[in-house]
Amino acid sequence: MQLPTPTKRVPGVGEASVSLGANAFLRLFVFAALTGGPVGLLATAGITVSVLELRLRLTSNDPQAYVSAPERDAAILVIVPLVALVVLVLPVVCLALRRSGRTRVTWDDAGVTEWEGDSVRTFIPRAAARIASHETVRTVRRGARVSKFKVSHVVQVSDLQGRRITVAWRDPLYRLSIGVLPLWMRRRPVLTKRESIEGLLAAFAPSDAPPAIEPDERSARRAFAGLSTVLNLVAFGLCGLSLYSIGANNAARESAGFLLIVAGLLFAVAALRPIREYRAVARATRQLADAQRVSFDVTPHGAVLVALSDGRALPADISKLVHSDSLVHRRAGAVHAIIDVTESADVYRGEPTRAVVHAVDTDVERAERRRILVANALEIAARLVHACLVLTIGALIFTRIQRF
């Protein structure tokens, strides 16, 4: 007997509409405008002038030739807006690629379900659910008066097999603050209403020994959040210091160029974060590349059958299967699966041929990985180009090829 997959909203004890929040896009846009934008524009303008002057010197055979101000300004007015558009729009595009439709979390007597659109992303049975809750409280002192108020609340439902569903609430006054929520939540749609979190906590008994709140497999792939932030801030500080030294002392060009070279190297090291995620997602894609198209069925006695692509229906051994959706073998529809067919060892005893299921890959997960690969490829290219621009302008200043 096949259990159907609901395609509509699932009524239950409670539901939390989870969203990434416009503040994530706003923070990314402001960060790019205030930091990456000026550095990229300055480097692009300097390199543009250097290329024009180098071309002029080669064509005129005059080592001291310089482009005229109108030519320089015309070139900069064409290239700089294009660079500014890429610097401001590309981060938002990469973040938007990570979204896969409306996300929500529902809970009922069966357990907790994380939905992406009409597809189940994660399901944790109620019997295996462990609840972890963490509140961030700020204290304000005004003379002798002390006030405490909650600025964020994170609740995570997990089980012993590593499945995790996270919802979080943050005070709107702290939407641009850093440190209110864990860094790994910045690119994950986890924000919901405060009332929904309280309803989720009320529906489940608190765990005697609450587990630590940690990122799930998807968020853990994008590590080095703190390191990447520190490297970027240090690199931006070095860029600002180099510009200040050029303006304060024209003789300090070598030191300014050296600072820009170091900043460019730090920008390049910060690209390790999207590179690590790209490698992890690409590895998972390769491991599931040979998965065959199958569908599962459940007999009236509870036995699981798997219909293979060659038309055979075999008893399925799912003891080795670990998936974010613990009921993935009970959902309707075809999926991709890594399966080993174990032939009967003793035909006289009538031992049936079995199919051992090692991994299951849904169409939603495949589409998600493709989007993440594209987003990471764009981010890696942008970060490395940005680092090369800074390195190049630093080298030009350090070798006194470019004058400002």
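Residues numbered from 1 in each chain as written. Predicted model: local features only at pLDDT ≥ 70, side-chain atom pairs only at ≥ 80, totals over all residues. Heavy atoms only, no water.

Visitor: What am I meant to see in the side chain of T136 here?
Guide: By the secondary structure assignment, T136 is in strand β5 (residues 130-142). Exposure remark for T136: the relative accessible area of 17% places this residue in the buried category. Aside from chain neighbours lying at most four places away, what touches T136 is F149, K150, V151, S152 and V180. (Helix = DSSP H or I, 4+ residues; strand = E, 2+ residues; numbered from the N terminus. Buried < 20%, exposed > 50% of the residue type's maximum accessible area, 1.4 Å probe, protein only. Contact = heavy atoms within 4.5 Å.)

Visitor: When you look at the nonpolar core in this model, what are you seeing that I'm missing?
Guide: Core analysis: the largest hydrophobic core is formed by 17 residues, its most contacted members being V105, W107, V112, V157, V167, L200 and F204. L259, A263, A270 and L396 belong to the second-largest nonpolar core, a separate cluster that totals 16 residues. (Core = buried A, V, L, I, M, F, W, Y, C linked by side-chain atoms within 4.5 Å.)

Visitor: Please explain helix α3 (residues 194-203) as it appears in this structure.
Guide: Owing to its 3.6 residues per turn, the α-helix aligns residues three or four sequence positions apart on the same side. Within α3 the residues assigned to the buried category are S196, I197, L200 and A203. The buried side chains of α3 occupy one side of the element, clustering within an arc of 125° when seen end-on. Facing away from the buried surface of α3 by more than 90 degrees, the exposed residues are E195 and A202. Turning to α3, the residues buried within the fold contact β1 (14-18), β2 (103-107), β6 (145-158) and β7 (164-170). (Arc of directions from axis to C-beta.)

Visitor: I'm lost on the sheet that holds strand β3 (residues 111-116) in this one. Help?
Guide: Whether parallel or antiparallel, the strands of a sheet pair through hydrogen bonds between backbone atoms. Overall, antiparallel pairing links the four strands, which are arranged β1-β2-β3-β4 in an open sheet. Each edge of the open sheet is held by one strand with a lone partner, namely β1 and β4 (119-125). Sheet twist, expressed as the average angle between the axes of neighbouring strands with direction ignored, equals 15°. The strands that α3 touches are β1 and β2; relative to β2, the one it contacts most, it runs at about 30°. (Pairing = 2+ DSSP bridges. Axes fitted to C-alpha atoms, helices over the stretch in contact; angles between N-to-C directions.)

Visitor: Looking at this structure, I do not really get the pairing of strand β10 (residues 313-317). What am I missing?
Guide: Side-chain positions along a regular strand alternate between the two faces of the sheet. With three bridges connecting them, strand β9 (residues 304-307) and β10 associate as antiparallel partners. Each bridged residue has a counterpart across the sheet, and for L305 the counterpart in β10 is P315. Counting the residues that bridge the hairpin from β9 to β10 gives five residues, and of these G311 lies at a positive phi of roughly 100°. With two bridges connecting them, β10 and strand β12 (residues 354-361) associate as parallel partners. The residue of β12 that forms the bridge with D317 is V356.

Visitor: What's the story with a nonpolar patch on the surface in this structure? I'm lost.
Guide: On the surface, a cluster of nonpolar side chains totalling about 370 Å² of accessible area is made up of L85, V89, V93, V374 and L378. Looking at the nonpolar patch, the elements with two or more residues in it are α2 (69-97) and α8 (363-398). At three residues, α2 tops the list of elements feeding residues into the nonpolar patch. Relative to the helices and strands, V89 resides in helix α2. Residue V89 is classed as partly exposed on the basis of its relative accessible area, which comes to 38%. (Patch = residues over 30% accessible without salt bridge, like charges linked within 9 Å, V, L, I, M, F, W, Y side chains within 5 Å. Areas by Shrake-Rupley, 256 points an atom, 1.4 Å probe, with all protein chains shown as cover. Salt bridge = Lys/Arg side-chain N within 4 Å of Asp/Glu carboxyl O.)

Visitor: Got a minute to help me understand the sheet that holds strand β8 (residues 292-298) in this structure?
Guide: With respect to topology, five strands assemble into a closed barrel ordered β8-β9-β10-β12-β11, the strand pairing being mixed. Averaged over all pairs of adjacent strands, the angle between their axes in this sheet comes to 55°, without regard to strand direction. One ladder, built from four bridges, connects β8 with β9; its direction is antiparallel. Pairing of V298 across the sheet is with V304, part of β9. The strands that α8 touches are β8, β11 (334-342) and β12; relative to β12, the one it contacts most, it runs at about 40°.

Visitor: Mind showing me how you'd approach the confidence of the model for the protein chain here?
Guide: If pLDDT is low for a region, its predicted coordinates should not be looked at in detail. A residue-level look at the protein chain finds 80% of positions with pLDDT of 70 or above and a mean pLDDT of 79. This model gives residues 1-12 a pLDDT under 50, and the stretch forms 31 contacts once residues within four places in sequence are excluded. (pLDDT = per-residue confidence, 0-100.)

Visitor: Can you walk me through a positive patch on the surface in this structure?
Guide: A cluster of basic side chains, namely R276, R279, R283 and R286, defines a positive patch on the protein surface. With respect to the helices and strands, the residue R286 is situated in helix α7 (residues 272-287). On the basis of relative accessibility, which here comes to 56%, the residue R286 falls in the exposed class. (Lys, Arg positive; Asp, Glu negative; His and termini not counted. Charge placed at Lys NZ, Arg CZ, Asp CG, Glu CD.)

Visitor: Can you walk me through the packing of α7 against α8 in this structure?
Guide: Each pair of packed helices can be summarised by the angle the axes make with each other and by the distance between the axes. For the pair α7 and α8, interaxial distance at closest approach is 9 Å and the crossing angle is 150°. Judged on the interaxial angle alone, α8 and α7 are roughly antiparallel. Along this stretch, α7 crosses α8, giving a crossing that reads as left-handed. Contacts between α7 and α8 pair P274, I275, E277, Y278, V281, A282, A284 and T285 from the former with R369, I372, L373, N376, A377, E379, I380 and R383 from the latter. Class assignment of the residues belonging to the contact of α7 with α8 gives a composition of 10 nonpolar, two polar and four charged. (Parallel < 35°, antiparallel > 145°, perpendicular 65-115°, else oblique. Left-handed = near helix turned anticlockwise from the far one by under 90°. Nonpolar A, V, L, I, M, F, W, Y, C, P; charged D, E, K, R; others polar.)

Visitor: Is there a simple way to explain the pattern of salt bridges in this structure?
Guide: Two side chains carrying opposite charge are able to pair once their charged atoms lie near each other. Tallying each qualifying case throughout the model produces 17 salt bridges. The partner of E214 in a salt bridge is R164, with the nearest N and O atoms 3.1 Å apart. Residue E214 is found in the loop between α3 and α4 (217-220), and its partner R164 is found in strand β7; the two are separated by 50 residues along the sequence. Accessibility expressed as a relative area gives 38% for E214, which makes it partly exposed. When salt bridges with common partners are traced through the structure, they connect E114, E116, D216 and R218 into a single cluster.

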